[in-house]
Amino acid sequence: MRRTWSVAVARDDRLDVDWRHVGQVMGSWADRAEISPVGEVMWLAHTGSVEVADALADAVTALGLTPLRSSRTDFEDQDYATADFIGVTGADLSLDPPFVLGEPFRDDPPCPECGHHDAFDVTQVRPVRIDESLLDAPAPDGGHPGPNGWEVVNLPDGGLLLSTRLISALREVAEGLVVEDLLDAHGETSARMAALRAEVAVLTPCPRHTRFEGEPPCSSCGTAKSSVDGDFWVPRSVVGTADVVSRHPRRAALLYVSQAVFAVLADVPGVRRGDPLRVCED
Ligand SMILES: [Zn+2]
Ligand SMILES: [Zn+2]
């Protein structure tokens, strides 16, 4: 995996700081970081070294400006080869006309521990009903379905729908697969799709093997409070023999699947690979 640390400096004309001087200071880091201007309103610096990013941010602070820090991790083929679980998402189908009919989801209150709330924090209050005709149409992003239509499709609550053909194929490699029926536009059980559910939720990674750059995630909802440095480890005592795990408390969203399951899904149109997870034998 490759990590990149970034420092952004935004121009603020309310402060008595000479923007040209800021440019000279940023330029002086060009041998240690990739420095680029954004018009005349911002400077960006990217580096593979956290020490360089720290020192550069200190230099910006010394000028009287407030640097914005961020970091990202780019995973490489080797990370996926050694992963035990791989994040997976599918095609996003239309909101207008709607693929999901009748509003099956209701907002949850914010997390009682950390106050976080996002689009996945919902309760399903009635069965999910879908317009199956959209499974055979191009997606809003212009992508085209395969010969069996879209077979892996995202739901607005972060859930994942799979075709019955894929579910049969997955049952050959994943013993404890959990799926839930859904309804077609007429209110009959869909013969084409069902919703995949995780067998277990993993909200926080193994604290013994996972290194955080700040606080660990919220233990109630799993929301990150800092970046993970290196692999995201989950203990065997939590995942057991599951082939599908979720990093969301409702076990519908943020799904990660075993290598065996991912191998079945990998080449299906619309499928995208997310982050890798690794299992530690605790
Ligand atoms: Zn929380
Ligand atoms: Zn561990």
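Rules used throughout
Residues numbered from 1 in each chain as written. Chains lettered and ligands numbered in written order. Predicted model: local features only at pLDDT ≥ 70, side-chain atom pairs only at ≥ 80, totals over all residues. Heavy atoms only, no water. Domains from an automatic or database assignment. Contact = heavy atoms within 4.5 Å. Buried area = accessible area lost by both parts, 1.4 Å probe. Polar contact = N/O pair within 3.5 Å; in protein donor to acceptor, adjacent residues only side chain to side chain. Helix = DSSP H or I, 4+ residues; strand = E, 2+ residues; numbered from the N terminus. Nonpolar A, V, L, I, M, F, W, Y, C, P; charged D, E, K, R; others polar. Donors = N, O, S within 2.8 Å, 3.2 Å for Na, K, Ca; no water. Buried < 20%, exposed > 50% of the residue type's maximum accessible area, 1.4 Å probe, protein only. Lys, Arg positive; Asp, Glu negative; His and termini not counted. Salt bridge = Lys/Arg side-chain N within 4 Å of Asp/Glu carboxyl O. Pairing = 2+ DSSP bridges. Axes fitted to C-alpha atoms, helices over the stretch in contact; angles between N-to-C directions.

### Quick notes on the domain arrangement of the protein chain
Think of interface size as the accessible area that goes away when the parts come together; that is how it is often given.
Phase 1: With domains assigned, the protein chain is organised as domain 1 (2-73) and domain 2 (80-280).
Phase 2: With centres defined by C-alpha atoms, the gap from domain 1 to domain 2 works out at 37 Å.
Phase 3: Across the boundary between the two partners, domain 1 contributes four residues, which contact four residues of domain 2.
Phase 4: Roughly 240 Å² is buried in total at the junction of domain 1 and domain 2, and carbon and sulfur atoms are behind 19% of that figure.
Phase 5: On the domain 1 side of the interface with domain 2, the three residues burying the most area are R3, W5 and S71, jointly 89% of the side's total.
Phase 6: Applying the counting rule to domain 1 against domain 2 returns two residue pairs in polar contact (both at pLDDT 80 or more).
Phase 7: At the level of secondary structure, the elements contributing two or more residues to the side of domain 1 that touches domain 2 comprise strand 1 (2-10) and strand 4 (68-74).
Phase 8: For the side of domain 1 that touches domain 2, the per-class residue count stands at one nonpolar, two polar and one charged.

### Here we look at the coordination of the zinc ion (ligand 2)
Phase 1: Within the protein, C206 (SG), H209 (ND1) and C280 (SG) serve as the donor atoms for the zinc ion (ligand 2), at 1.9 to 2.1 Å.
Phase 2: Counting residues between consecutive donors of the zinc ion (ligand 2) along the chain gives the motif C-x2-H-x70-C. Of this pair, H209 sits in the loop between strand 14 (200-201) and strand 15 (211-212) while C280 sits in strand 20 (residues 272-280), and the two are 71 residues apart along the sequence.

### Some points on the side chain of D184
Phase 1: Its place among the elements puts D184 in the loop between strand 12 (178-183) and strand 13 (189-197).
Phase 2: Buried charge without a salt bridge: D184, with R129 as the nearest opposite-charge side chain at an N-O distance of 6.9 Å.
Phase 3: With residues up to four places along the chain from it excluded, the contact list for D184 reads R129, I130, E132 and S190.

### Structural notes on the sheet that holds strand 4
Phase 1: With antiparallel pairing, the four strands of this open sheet are ordered in space as 2-3-1-4. This sheet does not close on itself; its edge strands, each paired only once, are strand 2 (34-38) and strand 4. Between one strand and the next, the sheet's axes are offset by a mean angle of 20 degrees, whatever the strand orientation.
Phase 2: Across seven bridges, the pairing between strand 1 and strand 4 is antiparallel. By the bridge assignment for strand 4, T4 is matched with R72.
Phase 3: Relative to strand 3 (residues 42-47), helix 1 (residues 19-27) is tilted by about 10 degrees, and along the sheet it contacts strand 1, strand 2 and strand 3.
Phase 4: Contacts from helix 2 (residues 50-62) reach strand 1, strand 2, strand 3 and strand 4 within the one sheet, and its direction differs from that of strand 1 by about 5 degrees.

### Concerning the side chain of T210
Phase 1: Tracing the chain through its elements places T210 in the loop between strand 14 and strand 15.
Phase 2: A polar contact is formed between the side chain of T210 and the backbone nitrogen of W233, at a distance of 3.2 Å.
Phase 3: Dropping the residues within four chain positions of it, T210 is found in contact with P205, V228, D231, F232 and W233.

### Comments concerning the environment of E199
Phase 1: By secondary structure assignment, the location of E199 is in the loop between strand 13 and strand 14.
Phase 2: With relative accessibility at 24%, the residue E199 sits in the partly exposed group.
Phase 3: For E199, the residues in contact, after removing those within four places along its chain, are G176, L177, V178, T241, A242, D243, V244 and R251.
Phase 4: Reaching out from E199, the side chain makes a polar contact with the backbone nitrogen of D243 at a distance of 3.2 Å.

### Re the pattern of salt bridges
In a structure, side chains of opposite charge can pair up when their charged atoms sit close to one another.
Phase 1: Applying the stated criterion across every chain yields a total of 18 salt bridges.
Phase 2: The partner of D13 in a salt bridge is R11, with the nearest N and O atoms 3.0 Å apart.
Phase 3: D13 gets classed as exposed once you look at its relative accessible area, which sits at 61%.
Phase 4: Residues R273 and D77 are paired through a salt bridge, measuring 3.8 Å at the closest nitrogen-oxygen approach. Of this pair, R273 sits in strand 20 while D77 sits in helix 3 (residues 77-81), and the two are 196 residues apart along the sequence.
Phase 5: Through salt bridges that share partners, R3, R211, E213 and D229 make up one connected network.

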